[in-house]
Amino acid sequence: MRRLRLPLVRFFETSFGRVTDREFLLVTVHDNGATGIAECVADANPFYSAETTRTAWHVLAEFIAPLVLGRPFDHPREVFGALARIRGHHMAKAALEMAAWDLFAQEEGRPLGAVLGGTRQRIEAGVSIGIQDSLEELVERVQVERAAGYRRIKIKIRPGWDVAAVARVRDACDDVPLMVDANAAYTLRDADHLAALDRYDLMMIEQPLDYDDLRDHSALQRRLATPICLDESIDSLRAAEDALALEACRIINIKPGRLGGHGPSLAVHDLAARHDVPVWHGGMLESGVGRAHNIHLSTLANFTLPGDVAASRRYYAPDLIDPEIDVAPDGTIAVPAGPGIGVHLVTDRVAAATLEMLELPTRP
Ligand code: OSB
Ligand code: MG
C-alpha cells in the first residue's frame, strides 16, 4: 500500500473547494506471482465523502487486510461480502476489491472489462469542468474540450455560479450536450431557482441536494423537468434501490470507489438496467490506475451516457502509467487491451510521488 501525491495539471474547483493536487492510495495485491492493482479514491480531506486517505490507510491496514490476506477466494465477487463486518469505508474496501478483480483478470489472462461482463472495445468520453475564475474562462474551457472531441460537457455549479454560467455556455455552444453538477450545494428551498435551469436543455442536474439525502431529491425531481442524477447519495445498492423507489433520480452516476468496488457497482448497474434507468461512470480525478479500472467498468451495456472519464493529460503530466490514456478525435477512449487493467506503472514516477509505503505479509 502506498500513499501518493501528484500535482494536477490545472486546479479543479467544485462547490466544496479548489484543489491543485491529489493525494490518493495505491493498493497492490499478490497471489502466486501475479499482481493486481487499484487506486483508493479517498482524498486528503473529508469534503466529498467522509473518508480520507488516512482513514482508508487505517481501515485497510488494521481491518481489511486481516480479512483477506492468506484467505482463499474463488472469485473477486466474493470480496466485498467478505468485508461486510466492517461498516462503511467503501473507498477503502473498493481499493482492495478492485485490486482483487485486476489480479483475477491477470491470472485468467483476460481484460478486466470482459471479466466484469462488458462488451465494448471503446467507451464514450465526457469532461467535468470545474468552477473558473470568470465566465469568459469557462466558455473558453468548454470550447477547448468540445474541440478535443468530448461527447458531453459537465460544468460544476454552486450558488452564485449557476444559471448565468449555464446561460453563457448555452449561448456560446448552442448544441453541446451539457449537464451540471452541484455537489450537494443547494437545499429544497432553492427549488424555484434550480427550475430556472429547465430552459437550457440540460441532460441532467447531478446531486443538487445533500450528500445523504433521497427524500428532498424526490420532492425536487417532481418540481423539475430536468432529470436529476445522483452521485454522493448512491453509496450502496440499497441507496440505489431506495432512490429508485422514491423516484429521487432518473439517472445514476456509478463510481466504484463510492460503492465499495466493482462487485457492488455491477449490482447497481444491473438494478438500474432493470428499471430502465441509464447509468454513466463518474470520475474522482484518478491517476491512470483508477482511470483504467473506470474504463473497463464502463464497457458494460447500461453505461449508455458518456462518463467523467477523460484523457490522462487533462489531470497529470506525466501520469503514473505508460502509455497514457488518450481520447480520439471522435470523443472515444480505447479500452486497454491485454490482461487485467492493461496498463503499466512507470516505477520511478510512482517512487517519486510516494509519501508513505506499507507492506502487509500474509500471516502463516
Ligand atoms: O462530483 O463527480 C464529482 C471530482 C472529485 C470529486 C467529485 C467529483 C469530481 C468530478 C471530476 O466531477 C471528475 C473527473 O474528471 O475525474
Ligand atoms: Mg458528482
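Here the structure is shown first, and the text comes after it.
The model shown is predicted, which means the values in this text are computed figures rather than measured ones.

> Looking at this structure, I do not really get the packing of helix 3 (residues 90-108) against helix 11 (residues 262-274). What am I missing?
When two helices pack together, their arrangement is given by the angle between the helix axes and by the axis-to-axis distance. At a closest axis distance of 8 Å, the pairing of helix 3 and helix 11 adopts a crossing angle of 90 degrees. Taken as axis vectors, helix 3 and helix 11 run roughly perpendicular relative to one another. When helix 3 is examined against helix 11, the residues E97, M98 and W101 are found in contact with a partner set consisting of H262, G263, P264 and L266. Its residues assigned to classes, the contact of helix 3 with helix 11 comprises 4 nonpolar, 2 polar and 1 charged.

> What's the story with the environment of D213 in this structure? I'm lost.
Along the polypeptide, D213 turns up in the loop between strand 8 (205-206) and helix 8 (215-223). Assessed through its relative accessible area of 13%, D213 is described here as buried. Expressed as a C-alpha distance, the spacing of D213 and A273, which sit 60 residues apart in the sequence, is 22 Å. For D213, the side chain forms a polar contact with the main-chain nitrogen of H217, separated by 2.8 Å.

> Please clarify how the pattern of salt bridges should be interpreted in this entry.
Between side chains of opposite charge, a pair can form as their charged atoms come close. This model, assessed by the stated rule, comprises 23 salt bridges. Between E145 and R314 there is a salt bridge, with its nearest N and O atoms 2.8 Å apart. Placement of E145 in helix 5 (residues 135-147) and of R314 in the loop between helix 12 (288-297) and strand 12 (321-322) is noted, with a sequence separation of 169 residues between them. On the accessibility criterion, E145 (4% relative accessible area) is buried. You can call R314 partly exposed: its relative accessible area is 22%.

> Teacher, can you tell me more about the packing of aromatic side chains here?
Given two aromatic rings, their pairing is described by the distance between the two centres and the angle made by the two planes. Applying the stated criterion across every chain, the model contains 2 aromatic pairs. Ring centres 6.3 Å apart and planes at 55 degrees place the aromatic pair F16 and Y48 in the tilted group. In this pair, F16 is assigned in the loop between strand 1 (2-14) and strand 2 (17-31) and Y48 in the loop between strand 3 (34-40) and helix 1 (53-68), connecting sequence segments 32 residues apart. Overall, Y48 belongs to the buried group, its relative accessible area being 12%. An angle of 35 degrees between the planes, with centres 6.3 Å apart, marks the rings of Y315 and Y316 as tilted. Judged by relative accessible area, which is 8%, Y315 ranks as buried. Look at Y316 and you get buried, because its relative accessible area is 2%. Stacked on the ring of F11, the Lys or Arg R18 has its end atom at 3.7 Å from the ring centre.

> Please explain the site of ligand 1 as it appears in this structure.
Every one of the 15 residues lining ligand 1 counts as a neighbour, but S128, K156, N183, L285 and Y315 are closest to it. Contact between ligand 1 and K156: an oxygen atom at 2.9 Å from a side-chain N or O atom of the residue. Computed on the free molecule, ligand 1 has an accessible area of 390 Å², of which 96% lies beneath the protein chains in the complex. Along the lines of polarity and charge, the residues of the shell around ligand 1 split into 5 nonpolar, 3 polar and 7 charged.

> Explanation requested: the coordination of the magnesium ion (ligand 2) in the structure shown.
Ideal donor angles around a metal are set by the shape: a four-donor tetrahedron calls for 109.5 degrees, a six-donor octahedron for 90 or 180 degrees. Around the magnesium ion (ligand 2), the protein contributes the donor atoms D181 (OD), E206 (OE) and D231 (OD), which lie 2.1 to 2.3 Å from the metal centre. Along the chain, the residues that donate to the magnesium ion (ligand 2) are spaced as D-x24-E-x24-D. A residue pair is termed long-range when its members are at least 10 positions apart, and E206 in strand 8 and D231 in the loop between strand 9 (228-230) and helix 9 (237-245) qualify at 25 residues. The exposure classification of E206 matches that of D231, with both residues buried.

Parameters and conventions
Residues numbered from 1 in each chain as written. Chains lettered and ligands numbered in written order. Predicted model: local features only at pLDDT ≥ 70, side-chain atom pairs only at ≥ 80, totals over all residues. Heavy atoms only, no water. Axes fitted to C-alpha atoms, helices over the stretch in contact; angles between N-to-C directions. Helix = DSSP H or I, 4+ residues; strand = E, 2+ residues; numbered from the N terminus. Parallel < 35°, antiparallel > 145°, perpendicular 65-115°, else oblique. Contact = heavy atoms within 4.5 Å. Nonpolar A, V, L, I, M, F, W, Y, C, P; charged D, E, K, R; others polar. Buried < 20%, exposed > 50% of the residue type's maximum accessible area, 1.4 Å probe, protein only. Polar contact = N/O pair within 3.5 Å; in protein donor to acceptor, adjacent residues only side chain to side chain. Salt bridge = Lys/Arg side-chain N within 4 Å of Asp/Glu carboxyl O. Phe/Tyr/Trp six-rings, centres within 6.5 Å; stacked < 30°, edge-to-face > 60°. Lys NZ or Arg CZ within 6 Å of the ring centre and 35° of its normal. Near = heavy atom within 4 Å. Areas by Shrake-Rupley, 256 points an atom, 1.4 Å probe, with all protein chains shown as cover. Donors = N, O, S within 2.8 Å, 3.2 Å for Na, K, Ca; no water.

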